[in-house]
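Examining the three-dimensional arrangement
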Amino acid sequence: MVVKERLTRGPAGAPGPVPIGAQAVAGLLLLYAASSPGPGPLWTLPVLLVFLTLGAAWFVRFVIAFSRRGSRPGLRRSPLRWAAPPLIAILVLALPGQVWQSRFALSEESFEKAARSAMEGGPDWKMGPATLGSFDVSWAARHGSTVRFALAGGGGGVHEHGLIWSPRGEPPLPEEEGYKPGVEHFQGPWYLWSEEF
């Protein structure tokens, strides 16, 4: 009679599907939050804490399994389950820039159409809440030869940020009472702006 040896759970066992799945979901949420410039939504911090806690739990389990002689065979029996958490962490750390670039690339045409429409309109052209590509925009306004788009959903509604279409170089921004907008070149005629209190 052949008896299958049960995989060890407990502190030295390989991570199960629930913690691996939870870390994957938290990682996807963090990548979504990173797919927009500026500060992320308010829910980003608790999700980050969950992600880090799951990573720390994996590390402790791995150290226990590696340091116990009897647990080392378990590392060889479940290599994918042991490798999944650090692979998820590496992807979450490596991909935010690419996710943001890709999301904007898919939406750039919509933003440019709105900007060109603003240039054809009067100098006091404004747009209310709208969806451009995959971004929700709170408002857009023309300022000279530039168009400023305020992105919705980041900063908890306290700290505005967004994109500026400025084909003639770095855009001049009006200093508004209480803050001076910060501007940073993104790509081509596009600049990132955010409130700096």
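Everything discussed here concerns the structure shown above.
Okay, so let's go over this structure. (Residues numbered from 1 in each chain as written. Predicted model: local features only at pLDDT ≥ 70, side-chain atom pairs only at ≥ 80, totals over all residues. Heavy atoms only, no water.)

1. Thoughts on the overall build of the protein chain
Within the protein chain one finds five helices and seven strands. Scored against the burial criterion, the 197 residues of the protein chain give a buried share of 36%. (Helix = DSSP H or I, 4+ residues; strand = E, 2+ residues; numbered from the N terminus. Buried < 20%, exposed > 50% of the residue type's maximum accessible area, 1.4 Å probe, protein only.)

2. Considering the packing of helix α1 (residues 17-33) against helix α4 (residues 79-94)
Remark: α1 packs on α4, axes separated minimally by 10 Å, with the N-to-C direction vectors making an angle of 5°. One finds that α1 runs roughly parallel with respect to α4. Residues I20, Q23, A24, G27, L30 and L31 of α1 pack against R81, A84, P85, I88, A89, L91 and V92 of α4. (Axes fitted to C-alpha atoms, helices over the stretch in contact; angles between N-to-C directions. Parallel < 35°, antiparallel > 145°, perpendicular 65-115°, else oblique. Contact = heavy atoms within 4.5 Å.)

3. Here's the deal with the side chain of S166
Note on placement: S166 falls in the loop between β5 (161-165) and β6 (180-187). Here S166 falls in the buried class, since its relative accessible area comes to 4%. Residues in contact with S166, not counting those within four places in the same chain, are T146, P171, P189 and Y191.

4. A look at the packing of aromatic side chains
Across all of its chains, the model carries 13 aromatic pairs by this definition. Between W100 and F104, the ring centres sit 5.8 Å apart and the planes meet at 50°, which makes this aromatic pair tilted. Of the two residues, W100 and F104 both sit in helix α5 (residues 96-120), four residues apart, roughly one turn of that helix. F104 sits in the buried class, given a relative accessible area of 0%. A centroid spacing of 6.0 Å and a plane angle of 40° characterise the contact between W139 and W193, whose relative ring orientation is tilted. On the criterion of sequence distance, the pair formed by W139 in strand β3 (residues 135-143) and W193 in strand β7 (residues 190-196) is long-range, its members being 54 residues apart. Taken together, W100, F104, F111, F135, F149, F186 and W190 form an aromatic cluster joined through their ring pairs. Cation over ring: R103 sits above F135, and NZ or CZ is 4.0 Å from the ring centre. (Phe/Tyr/Trp six-rings, centres within 6.5 Å; stacked < 30°, edge-to-face > 60°. Lys NZ or Arg CZ within 6 Å of the ring centre and 35° of its normal.)

5. What about the pairing of β5?
The buried fraction of β5 amounts to five of the five residues, a majority that puts the element mostly inside the structure. Bridging between strand β4 (residues 146-151) and β5 involves four bridges; their strand directions are antiparallel. In the sheet register, V147 faces β5, and the bridge partner there is W165. (Pairing = 2+ DSSP bridges.)

6. Examining the side chain of S107
Summarising the element assignment, S107 is placed in helix α5. The class of S107 is buried, set by a relative accessible area of 1%. Side-chain polar atoms of S107 contact the backbone nitrogen of S134, separated by 2.9 Å. (Polar contact = N/O pair within 3.5 Å; in protein donor to acceptor, adjacent residues only side chain to side chain.)

7. As for the pairing of β3
Inspection of the sheet shows strand β1 (residues 126-127) paired to β3 by two bridges, in the antiparallel sense. When the bridges of β3 are listed, M127 appears paired with A140. As paired elements, strand β2 (residues 130-132) and β3 share three bridges and run antiparallel to each other. The residue of β3 that forms the bridge with L132 is F135. Counting the residues in the hairpin turn of β2 and β3 gives two residues, including G133, whose phi is positive at 60°. Here β3 runs beside β4; their pairing, made up of six bridges, is antiparallel. Bridge pairing links W139 to A150 in β4. Counting the residues between successive antiparallel strands, the hairpin from β3 to β4 contains two residues, one of them, G144, with a positive phi of roughly 65°.

8. Details of the environment of L132
Looking at the secondary structure, you find L132 in strand β2. Using a relative accessible area of 9% as the deciding quantity, one classes L132 as buried. Between the alpha carbons of L132 and E108 there is a distance of 8.4 Å; along the sequence they are 24 residues apart. When residues no more than four places from it in sequence are discounted, the contact partners of L132 are S107, S110, F111, A114, M127, V137 and F149.

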